[in-house]
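Chain by chain, the residues run as shown.
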Amino acid sequence: MRCWQWKSFQALSLDELYDVLALRQEVFVVEQRSIYQDVDGFDRSAEHLLLHMESQGTRLLAGYLRVLSPGVKYPLASSLGRVVTSPRARAQGLGRELVARGLARLDSLYPQAAVHIGAQHYLQRFYEGFGFQTQGDVYDEDGIPHIDMVRPAGGTR
């Protein structure tokens, strides 16, 4: 069973926050071998999408992302980021569903705003499938090639 929840930072329980930070560290720091400061000051301003699933009788944080309103990270655009699926829940299309839900949330809250992301370069085609267009050149962020991408307001999914 899948349980999707949107929560503000203040509404996250300590256990939920711990699980979010542990999953992000497991994937972005350990698995991707990128030593960087994951806690970047934006979590308090974000809305957080958590996907919980039952796995062998245990509740698992299977997926996560955060969304930011216009002006928080980018001057005129909203943003989504920290899109992650648990290694124990991959190959089920959860990443695509996470992004679709994140974009739907941003579209409902900020219909006149573009969505700006800093995507890992290898995911460029994935995000193009959601209407994102590349902006600028590939750059290094914490040892991983990234590219800025923007989806115009009301973009296609």
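The following paragraphs examine the structure supplied in this document. None of the values given here were measured: they were computed from a predicted structure.

Definitions and limits used
Residues numbered from 1 in each chain as written. Predicted model: local features only at pLDDT ≥ 70, side-chain atom pairs only at ≥ 80, totals over all residues. Heavy atoms only, no water. Pairing = 2+ DSSP bridges. Helix = DSSP H or I, 4+ residues; strand = E, 2+ residues; numbered from the N terminus. Axes fitted to C-alpha atoms, helices over the stretch in contact; angles between N-to-C directions. Buried < 20%, exposed > 50% of the residue type's maximum accessible area, 1.4 Å probe, protein only. Phe/Tyr/Trp six-rings, centres within 6.5 Å; stacked < 30°, edge-to-face > 60°. Lys NZ or Arg CZ within 6 Å of the ring centre and 35° of its normal. Expected span 1.5 Å × (residues − 1). Contact = heavy atoms within 4.5 Å. Salt bridge = Lys/Arg side-chain N within 4 Å of Asp/Glu carboxyl O.

**Thoughts on the sheet that holds strand β6 (residues 133-141)**
For step 1, the next point in the chain: Strand order in the open sheet formed by three strands is β5-β7-β6, and the pairing between neighbours is antiparallel. Here the strands that pair on one side only, and so sit at the sheet edges, are β5 (115-120) and β6. Each adjacent strand pair in this sheet contributes to an overall mean axis angle of 20 degrees, direction not counted.
For step 2, the next point in the chain: Bridge analysis of β5 against strand β7 (residues 144-151) gives six bridges, and the strand direction is antiparallel. Following the sheet pairing, Gln 120 is matched in β7 by His 146.

**Re unusual backbone geometry**
For step 1, the next point in the chain: The backbone phi angle of Arg 82 is positive, close to 55 degrees, even though this residue is not glycine.
For step 2, the next point in the chain: Assessed through its relative accessible area of 16%, Arg 82 is described here as buried.
For step 3, the next point in the chain: Located in the positive-phi region is Asp 142, a residue other than glycine, with phi close to 60 degrees.
For step 4, the next point in the chain: By relative accessible area, Asp 142 is classed as partly exposed at 36%.

**Remarks on the packing of aromatic side chains**
For step 1, the next point in the chain: Tallied over the entire structure, the rule returns three aromatic pairs.
For step 2, the next point in the chain: Judged by centre distance (5.0 Å) and plane angle (80 degrees), the ring pair of Phe 126 and Tyr 127 falls under edge-to-face.
For step 3, the next point in the chain: With a centroid separation of 5.8 Å and an interplanar angle of 80 degrees, the aromatic rings of Tyr 127 and Phe 132 are classed as edge-to-face.
For step 4, the next point in the chain: You can call Phe 132 buried: its relative accessible area is 2%.
For step 5, the next point in the chain: Through pairs of rings, three or more aromatic residues link up here, namely Phe 126, Tyr 127, Phe 130 and Phe 132.
For step 6, the next point in the chain: The ring of Trp 4 carries Arg 101 above its face, with NZ or CZ at 4.0 Å from the centroid.

**Thoughts on the pairing of strand β2 (residues 47-55)**
For step 1, the next point in the chain: As paired strands, strand β1 (residues 2-8) and β2 are joined by seven bridges and run antiparallel to one another. Bridge pairing links Arg 2 to Met 53 in β2.
For step 2, the next point in the chain: Hairpin remark: β2 followed by strand β3 (residues 58-68), antiparallel, with two residues in the connecting loop; positive phi at Gln 56, about 55 degrees.

**A word on helix α2 (residues 94-109)**
For step 1, the next point in the chain: Between the first and last C-alpha of α2 there are 22 Å, a value that for 16 residues agrees with the 22 Å anticipated at 1.5 Å per step.
For step 2, the next point in the chain: For α2, every residue scored as buried is listed here: Leu 94, Leu 98, Val 99, Gly 102, Leu 103, Leu 106 and Asp 107.

**Section: the side chain of Asp 43**
For step 1, the next point in the chain: When you line up the elements, Asp 43 lands in the loop between α1 (14-31) and β2.
For step 2, the next point in the chain: Once residues within four sequence positions are removed from consideration, Asp 43 is found in contact with Phe 9, Arg 24, His 48, Tyr 64 and Arg 66.

**Things to note about the pattern of salt bridges**
For step 1, the next point in the chain: By the definition in use, this model includes 10 salt bridges.
For step 2, the next point in the chain: Note that Lys 7 is salt-bridged to Glu 16, the shortest N-O span being 2.8 Å.
For step 3, the next point in the chain: Note on Lys 7: relative accessible area 18%, which makes it buried.
For step 4, the next point in the chain: Among the residues examined, Glu 16 registers a relative accessible area of 8% and is labelled buried.
For step 5, the next point in the chain: For Glu 47, the salt bridge identified is with Arg 105, shortest N-O distance 2.5 Å. Of the two residues, Glu 47 is situated in strand β2 and Arg 105 in helix α2; the sequence distance between them amounts to 58 residues.
For step 6, the next point in the chain: For Glu 47, a relative accessible area of 21% corresponds to the partly exposed category.
For step 7, the next point in the chain: On the basis of relative accessibility, which here comes to 26%, the residue Arg 105 falls in the partly exposed class.
For step 8, the next point in the chain: A cluster of three or more residues bridged by salt bridges with shared partners is formed by Arg 24, Asp 40, Asp 43, Arg 66 and Arg 82.

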